Amino acid sequence: MRIIIKVGTQVIAGKNGLDQKKIAKLIKEISLLLKRGHEVVLVTSGAIGAGLPQVPFMNPHRKKIAAAIGQPLLIHDYIREAKKYKFSIGQILILSDDFTNKERFKNFVSNIKAMLSHKILPIINENDVMKTEDLTIGDNDILGAKVAVGLKADKLLILTNQNGLHICNPDHDKNAKLIKKVSNIDSKIENLCSLDKSDLGLGGMISKVQAAKYATTHGVETLIGNGNKKGIITSAIGKNFPGTRFIKKT
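Residues numbered from 1 in each chain as written. Predicted model: local features only at pLDDT ≥ 70, side-chain atom pairs only at ≥ 80, totals over all residues. Heavy atoms only, no water.

**Student:** Sorry, what's going on with the sheet that holds strand β7 (residues 155–160) here?
**Tutor:** Backbone hydrogen bonds are what pair the strands of a sheet, in a parallel or an antiparallel way. Across the sheet, 8 strands lie side by side as β5-β6-β4-β1-β7-β9-β10-β8; this open sheet has mixed pairing. On the outer flanks of this sheet lie β5 (89–94) and β8 (181–182), each paired with one strand and no other. Bridge count for β8 against strand β10 (residues 244–246) is 2 bridges, and the pairing is parallel. By the bridge assignment, Val182 is partnered in β10 with Phe246. (Pairing = 2+ DSSP bridges. Helix = DSSP H or I, 4+ residues; strand = E, 2+ residues; numbered from the N terminus.)

**Student:** Explain helix α2 (residues 20–35) to me, please; I cannot follow it from the model alone.
**Tutor:** Since there are 3.6 residues in each turn of an α-helix, residues three or four apart along the chain are aligned in direction. Taking 1.5 Å of rise per residue, 16 residues should cover 22 Å, and α2 covers 22 Å from first to last C-alpha, within 8% of that figure. Taken together, the buried positions of α2 are Ile23, Ala24, Leu26, Ile27, Glu29, Ile30, Ser31 and Leu33. Two or three places before Lys21, at the opening of α2, Asp19 has a side-chain oxygen 3.0 Å from that residue's backbone nitrogen. (Expected span 1.5 Å × (residues − 1). Buried < 20%, exposed > 50% of the residue type's maximum accessible area, 1.4 Å probe, protein only. Polar contact = N/O pair within 3.5 Å; in protein donor to acceptor, adjacent residues only side chain to side chain.)

**Student:** How should I be thinking about the pattern of salt bridges in this particular structure?
**Tutor:** Side-chain pairing between opposite charges can occur once the charged atoms of the two side chains come close. All chains considered together, the criterion is met by 14 salt bridges. Salt-bridge contacts for Lys25 lead to Glu29; the nearest nitrogen and oxygen are separated by 3.4 Å. Of the two residues, Lys25 and Glu29 are both situated in helix α2; the distance of 4 residues between them amounts to about one turn of the helix. Judged by its relative accessible area of 23%, Lys25 falls in the partly exposed class. When the shortest N-O distance is used, the salt bridge between Lys155 and Glu221 registers 2.3 Å. Of this pair, Lys155 sits in strand β7 while Glu221 is found in strand β9 (residues 221–226), placing the two residues 66 residues apart along the sequence. The exposure class assigned to Glu221 is buried, which follows from its relative accessible area of 13%. (Salt bridge = Lys/Arg side-chain N within 4 Å of Asp/Glu carboxyl O.)

**Student:** Can you help me understand the pairing of strand β1 (residues 2–7) in this one?
**Tutor:** The side chains of a regular strand alternate, first on one face of the sheet and then on the other. Within β1, 6 of the 6 residues are buried, which leaves the element mostly enclosed by the surrounding structure. Across 6 bridges, β1 lies against strand β4 (residues 39–44) in parallel orientation. Bridge pairing in β4 links Ile5 to Leu42. With 5 bridges connecting them, β1 and β7 associate as parallel partners. Residue pairing across strands places Ile4 opposite Leu156, the latter belonging to β7.

**Student:** Help me understand the environment of Arg36 in this model?
**Tutor:** Among the structural elements, Arg36 can be located in the loop between α2 and β4. Looking at Arg36, the relative accessible area reads 52%, which means it is exposed. Sequence-wise, Arg36 and Met1 are 35 residues apart; in three dimensions their C-alpha atoms are separated by 9.6 Å. Look past the residues within four positions of Arg36 in its chain and what remains in contact with it is Thr234 and Ile237. (Contact = heavy atoms within 4.5 Å.)

**Student:** So what exactly am I meant to see when it comes to the environment of Gly90 here?
**Tutor:** Position of Gly90 relative to the elements: it lies in strand β5. Given the relative accessible area of 11%, Gly90 is considered buried. C-alpha of Gly90 to C-alpha of Ile120: the two residues are 30 residues apart in sequence and 6.7 Å apart in space. Aside from chain neighbours lying at most four places away, what touches Gly90 is Met115, Ile120, Leu121, Pro122 and Ile123.

Here it is in structure tokens:
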């Protein structure tokens, strides 16, 4: 099974940069999928969040500077944890035209498949330092969906700090009911999404549902779940996923 995992900043961030324990947990669970013979691609946010503590000054380029500092910090943490389970990772930073240019997209896909064939974990992020308004993909939720569709993945797993899609905002209503399965993403479903975003995140729940809509329309089952829950990644390949499952279109 080929699984694309998208990790939001809040899943791996701590109070002051990256949370090493959260990253360790993430890689440990990915290692279990790899041992079972599954192919995994990780789409990760977190570079800006990792670098911001080292950019205390105000500057129009502050976030790009933070991304430049944070990206190697982020990838270093992934490398350190992957070594514990004796697998390698490969870093890929992309821009929107890597998807729109046919030759570049073909090259992107072939390189990913080559890594997977050699049991290497590809780690993908948007190139926050080099992107401009016309080269911005949008956010990493949409990036994850595009990667999943391009690689003809079996599943797209979007990890966030919420348990999934609820009938109302769980931050405002503790009794908000989780929607476990969505067969059709229409305006009613989209209207359930809170527009609230975290301080470090870009998308919010609406971007995750839009990513699910894109992926499922192109035949990729999508799941949204809480990245802080133990076993959330391995549960994605089973029937009892503790989040929201979006059924793919056939």
